[in-house]
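Spelled out, the chains give:
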Amino acid sequence: MYEWFGTTEPQEKLDMAGKLIFLAVFLLGLLWPLAAQERVIRLVTLEYPPYEFQGAQDASGIAVEIVREAFGRIEQPFSIQFLPWGRAIREVKNGRVDGIFTIYKTPERETFMSYSKEVLVQQSIGFFARKEYPIYFDGRIASLSPYRIGIVRKVSYGEEIDAALAKGVLENIVTTDTGINSFKLLLADRVDVVISNQLGGLEILKQLGIEDKIRQVPSYDYDIPSYIAFAKEPYLEGVKQRLDIAIRAMKEDGSYQKIIAEYLQHYRSIKPVISTPVGSAQSVN
């Protein structure tokens, strides 16, 4: 004969056990988001002003400020570590960190990362060359094939350029670990063209004090959305969804645009030097 809280009926014992199990599952469901919020989400990125860089006191930049505001809105602790881009991607792939920004989407990366739906920052890719060195670019990526091209290792430059690199359309490739090193090679006449994020390239010119020596080739302007992405772990999926809601709200209430506008003030007066044919830049041959 069974006894359960003063009763002697087996069925009552089973009913009570079921209620206790239900209550435990319910409480676990309530506590799971709280546990995730207590965990510090480890993010990695590369040093790439003006989007993300190590400031005097803390990480700073357009993307950092957007990330900081979004994580603050969902009350989720996080940390940022700056790494070379190739290593940053490997850290996410191997599960040693939780997320990465600002990252472009590629089919290969989507096999091990879960991307946010909301665009974190819309970026533009451009070409840079020495002012005294004529570069012929007719809008087709293939027209750059005679030149030595500087790029950063493991960085995606969007479908168009990535495809040209993969197919060998651009053969004379020189890779470095950072954008600054690519521009130093350009200045030293070891590459002819640097492919770079436009704002990132302009910031590097400013940092190196070579704005009077390097020009932007104006006939190429390719916009690419960049995101925050996470390792494919169940607890991170909830973080990602809440971040999407926060970033969308920021865009709707104007705080997102305000962050970007404040950082773009320096670049509004900068104009590229036009000295090459203007093309459409719509195809890769």
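Note that the coordinates shown come from a computational prediction; the quantities given were computed from them, not determined experimentally.

Asks: Would you explain the overall build of the chain in this entry?
Replies: Check the secondary structure of the chain and you find eight helices and 11 strands. Within the chain, counting contacts between residues at least 6 apart in sequence, those at least 24 apart form 76% of the total.

Asks: Would you mind going over the side chain of Ser124 with me for this structure?
Replies: Looking at the secondary structure, you find Ser124 in strand β7 (residues 121-130). Here Asp223 takes part through its side chain, which lies 2.3 Å from a polar atom of the side chain of Ser124. Filtering out sequence-adjacent residues up to four positions away, Ser124 remains in contact with Ser196, Asn197, Gln198, Asp221, Tyr222 and Asp223.

Asks: Explain the environment of Phe137 here, please?
Replies: With respect to the secondary-structure elements, Phe137 resides in the loop between β7 and β8 (149-152). Residues Phe137 and Phe127, 10 residues apart in the sequence, show an inter-C-alpha distance of 9.9 Å.

Asks: Can you walk me through the confidence of the model for the chain in this structure?
Replies: As a note on interpretation, predicted positions should not be read in detail where pLDDT is low. Per-residue confidence for the chain gives a mean pLDDT of 83; residues scoring 70 or more make up 80%. Scored below 50 in pLDDT, residues 1-8 shows 12 contacts in the model against residues more than four places distant or in partner chains. Scored below 50 in pLDDT, residues 268-285 makes 42 contacts in the model with residues more than four places away or belonging to other chains.

Asks: I keep staring at the environment of Thr176 and nothing clicks. Help me out?
Replies: Tracing the backbone through its elements, the reader meets Thr176 in strand β9 (residues 173-176). As a C-alpha pair, Thr176 and Lys154 span 22 residues in sequence and 9.5 Å in three-dimensional space. Not counting residues within four places of it along the chain, the set of residues in contact with Thr176 comprises Ile151, Val152, Arg153, Asn181, Ser182 and Leu185.

Asks: Help me understand unusual backbone geometry in this model?
Replies: Most peptide bonds are trans, and most residues other than glycine sit at a negative phi. At the junction of Pro49 and Pro50, the peptide bond is cis and its omega measures out at 5 degrees in the coordinates. Secondary-structure assignment places Pro50 in the loop between β1 (41-45) and β2 (53-54). Of the consecutive residues Phe101 and Thr102, the connecting peptide bond is found in the cis state with omega at -15 degrees. Looking at the element boundaries, Thr102 is found in strand β5 (residues 99-103). Phi is positive for Glu75, close to 55 degrees, though the residue is something other than glycine. With respect to the secondary-structure elements, Glu75 resides in the loop between α2 (62-73) and β4 (78-82).

Asks: When you look at the packing of helix α5 (residues 179-187) against helix α6 (residues 198-208) in this model, what are you seeing that I'm missing?
Replies: How two helices pack is summed up by the angle between their axes together with the distance between the axes. Contact geometry for α5 and α6: axes closest at 10 Å, N-to-C directions at 65 degrees. On the basis of their axis angle, the class for α5 and α6 is roughly perpendicular. Note that α5 runs across α6; the crossing there is right-handed. Residues Gly179, Ile180, Phe183 and Lys184 of α5 pack against Gly201, Ile204, Leu205, Gln207 and Leu208 of α6. Within the contact of α5 with α6, the residues separate by chemical class into five nonpolar, three polar and one charged.

Asks: What should I look at first to understand the packing of aromatic side chains in this one?
Replies: Each aromatic ring pair is summarised here by two numbers: the centre-to-centre distance and the angle between the ring planes. Across all of its chains, the model carries four aromatic pairs by this definition. Judged by centre distance (5.2 Å) and plane angle (90 degrees), the ring pair of Phe127 and Phe137 falls under edge-to-face. Taken together, the residues span a long stretch of sequence, with Phe127 in strand β7 and Phe137 in the loop between β7 and β8 at a distance of 10 residues. A ring pair is formed by Phe128 and Phe183, whose centres lie 5.3 Å apart and whose planes are at 70 degrees; its orientation type is edge-to-face. Taken together, the residues Phe128 in strand β7 and Phe183 in helix α5 connect sequence positions 55 residues apart. Summarising the burial analysis for this pair, Phe128 and Phe183 share the class buried. Here the basic side chain of Arg130 rests over the ring of Tyr133, its NZ or CZ set 5.0 Å away from the ring centre. Across the ring face of Tyr256, the terminal group of Lys251 is positioned such that the distance to the ring centre comes to 5.2 Å.

Asks: Any chance you could explain the pattern of salt bridges here in plain terms?
Replies: It is possible for side chains bearing opposite charge to pair when their charged atoms get close. The full count for this structure, using the stated rule, is 18 salt bridges. We note a salt bridge from Asp253 to Arg73, for which the minimum N-O separation is 2.9 Å. With a gap of 180 residues between them, Asp253 in helix α7 (residues 234-253) and Arg73 in helix α2 connect regions that are remote in the sequence. Here Arg73 falls in the partly exposed class, since its relative accessible area comes to 34%. Between Glu118 and Lys251 there is a salt bridge, and its shortest N-O distance comes to 3.1 Å. Of this pair, Glu118 sits in the loop between β6 (113-115) and β7 while Lys251 sits in helix α7, and the two are 133 residues apart along the sequence. With a relative accessible area of 14%, Glu118 lands in the buried category. One salt-bridge network, in which partners are shared between bridges, spans Arg130, Glu132, Arg148, Asp189 and Asp192.

What counts and how
Residues numbered from 1 in each chain as written. Predicted model: local features only at pLDDT ≥ 70, side-chain atom pairs only at ≥ 80, totals over all residues. Heavy atoms only, no water. Helix = DSSP H or I, 4+ residues; strand = E, 2+ residues; numbered from the N terminus. Contact = heavy atoms within 4.5 Å. Polar contact = N/O pair within 3.5 Å; in protein donor to acceptor, adjacent residues only side chain to side chain. pLDDT = per-residue confidence, 0-100. Axes fitted to C-alpha atoms, helices over the stretch in contact; angles between N-to-C directions. Parallel < 35°, antiparallel > 145°, perpendicular 65-115°, else oblique. Left-handed = near helix turned anticlockwise from the far one by under 90°. Nonpolar A, V, L, I, M, F, W, Y, C, P; charged D, E, K, R; others polar. Phe/Tyr/Trp six-rings, centres within 6.5 Å; stacked < 30°, edge-to-face > 60°. Buried < 20%, exposed > 50% of the residue type's maximum accessible area, 1.4 Å probe, protein only. Lys NZ or Arg CZ within 6 Å of the ring centre and 35° of its normal. Salt bridge = Lys/Arg side-chain N within 4 Å of Asp/Glu carboxyl O.

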